[in-house]
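Understanding the architecture of this molecule
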Amino acid sequence: MRLIDLSEAKGQIRVEFGGCNMKCPYCVHIHQPVKEWTVDEIVEYASKSTTGNVYLGGAEPTLQKELLPLIEELHRIGKSVILKSNGMKPEVLESALPLVHGFVLEIKTANDDIKGIMELTGMSEQRSTKYVKLLKESLAIAKKKWLRVWIRVIPEYVNEDTLLRIMPDLEGASEVMLYQFMSNPEFDDPFMGHDKPTPSWTEMKKLGEIVAKVVPTVRIVGERGQILLQE
């Protein structure tokens, strides 16, 4: 398995995978070096930890051929697994469903904005159109368990107008995390002329209040820390 990092902090083991089927121009993960780990090595690392929580993330975990055997082994030793994905392989999420606590799926912009999706993912129009279909399938699967929808707020693609068009896809999610773009350089490279945290914290809170109308928990994360909005 190709890993960017394997670490433990704040009561969570983080398994960060390398490799992705998108080419998002702001993504730092696609440029990071990877190391080879076996399923047994990862499970051994996890088994030595007293924490029961494992987060499978990074670039795109579902590309790893041995992802499901890894999840099966983590489940066997009593770990609670959260699987992050871009949603392009719903069949993997379906297979993982009985073995995980929940999922994290990213929505990049309104799914009717194919041009915007092309710009954000580096994919062709044909692949972007197919991605929308696959993402909807993945969201439906993930909503059967705990689901956090992660939204990177790049103002040209996520704003009050586009958020209203995103809202139907958020209904049924357990929580939404709105992340202020460029507030953590470990997550983002500059994009669209944005090289500092954007949009403003006031705008982030306004967007959070809109989402809170349909989702029970909203996390606003950025340069000023974190705000939690709940029903």
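What counts, and where the lines are drawn
- Residues numbered from 1 in each chain as written.
- Predicted model: local features only at pLDDT ≥ 70, side-chain atom pairs only at ≥ 80, totals over all residues.
- Heavy atoms only, no water.
- Phe/Tyr/Trp six-rings, centres within 6.5 Å; stacked < 30°, edge-to-face > 60°.
- Helix = DSSP H or I, 4+ residues; strand = E, 2+ residues; numbered from the N terminus.
- Buried < 20%, exposed > 50% of the residue type's maximum accessible area, 1.4 Å probe, protein only.
- Core = buried A, V, L, I, M, F, W, Y, C linked by side-chain atoms within 4.5 Å.
- Contact = heavy atoms within 4.5 Å.
- Expected span 1.5 Å × (residues − 1).
- Axes fitted to C-alpha atoms, helices over the stretch in contact; angles between N-to-C directions.
- Parallel < 35°, antiparallel > 145°, perpendicular 65-115°, else oblique.
- Left-handed = near helix turned anticlockwise from the far one by under 90°.
- Nonpolar A, V, L, I, M, F, W, Y, C, P; charged D, E, K, R; others polar.
- Polar contact = N/O pair within 3.5 Å; in protein donor to acceptor, adjacent residues only side chain to side chain.
- Salt bridge = Lys/Arg side-chain N within 4 Å of Asp/Glu carboxyl O.

Things to note about the packing of aromatic side chains
This structure, assessed with the given rule, holds 5 aromatic pairs. With a centroid separation of 5.8 Å and 25° between ring planes, the pair formed by tryptophan 150 and tyrosine 179 is classed as stacked. In this pair, tryptophan 150 sits in strand S7 (residues 146-153) while tyrosine 179 sits in strand S8 (residues 175-180), placing the two residues 29 residues apart along the sequence. Accessibility assignment for this pair places tryptophan 150 and tyrosine 179 in one class, buried. Ring geometry for tyrosine 179 against phenylalanine 187: centres 5.6 Å apart, planes inclined by 70°, an arrangement best described as edge-to-face. Members of the aromatic cluster, connected to one another through ring pairs, are Tyr26, Tyr157, Phe181 and Phe191.

Describing the nonpolar core
Buried together is how nonpolar side chains tend to be arranged in soluble globular proteins. In terms of nonpolar packing, the biggest core is built from 67 residues, with Val15, Leu56, Leu70, Val149, Ile151, Leu170 and Leu178 touching the most fellow members. For this core, the element with the most residues is helix H5 (residues 125-142), which contributes 6 residues. Residues in contact with isoleucine 151, not counting those within four places in the same chain, are Ile107, Val158, Ile166, Leu170, Val176, Met177, Leu178 and Tyr179. Core analysis: the next-biggest nonpolar cluster, separate from the first, contains 7 residues, Tyr55, Ile82, Val104 and Met177 among them.

Remarks on H5
Spanning 18 residues, H5 covers 25 Å between terminal C-alpha atoms, matching the ideal 26 Å at 1.5 Å per step. Those residues of H5 lying buried are Ser128, Tyr131, Val132, Leu134, Leu135, Ser138, Leu139, Ile141 and Ala142.

Considerations on the packing of helix H1 (residues 39-47) against helix H2 (residues 67-76)
One can describe the packing of H1 onto H2 by two numbers: an axis separation of 10 Å at closest approach and a directional angle of 30°. Considering the angle they form, H1 stands roughly parallel to H2. Here H1 runs over H2; the crossing is right-handed. Residue-level inspection shows Val39, Ile42, Val43 and Ala46 of H1 in contact with H2, the latter providing Pro69, Leu70, Glu73 and Leu74. Residues of the contact of H1 with H2, tallied by class, amount to 7 nonpolar, no polar and 1 charged.

Some points on the environment of glutamine 12
Tracing the sequence through the fold places glutamine 12 in strand S2 (residues 12-17). Look at glutamine 12 and you get partly exposed, because its relative accessible area is 23%. In this structure the C-alpha to C-alpha distance between glutamine 12 and glycine 52, which are 40 residues apart in sequence, comes to 7.4 Å. Excluding its chain neighbours within four sequence positions, the residues that come into contact with glutamine 12 are Ser7, Thr51, Asn53 and Tyr55. Engagement of the side chain of glutamine 12 in a polar contact is seen with the side chain of arginine 14, the distance being 3.1 Å.

As for the pattern of salt bridges
The full count for this structure, using the stated rule, is 17 salt bridges. The salt bridge involving arginine 76 is made with glutamate 73; its shortest N-O contact spans 2.9 Å. Pair noted here: arginine 76 and glutamate 73 are both in helix H2, with a separation of 3 residues, about one helical turn. A residue is classified by how much of its surface remains accessible, and glutamate 73, at 26% relative accessible area, is partly exposed. For glutamate 203, the salt bridge is made with lysine 206, and the minimal N-O distance between the two is 3.9 Å. Residue glutamate 203 and its partner lysine 206 are both found in helix H7 (residues 201-211); the two are separated by 3 residues, about one turn of the helix. If you follow the salt bridges from partner to partner, you end up with Glu106, Lys108, Arg152 and Asp188 in one network.

Observations regarding the environment of valine 153
Mapping valine 153 onto the fold places it in strand S7. Classification of valine 153 as buried rests on a relative accessible area of 0%. Sequence spacing of valine 153 and asparagine 21 is 132 residues, and the spatial spacing of their C-alpha atoms is 21 Å. When residues no more than four places from it in sequence are discounted, the contact partners of valine 153 are Val158, Leu178, Tyr179, Phe181, Thr198, Pro199, Met204 and Leu207.

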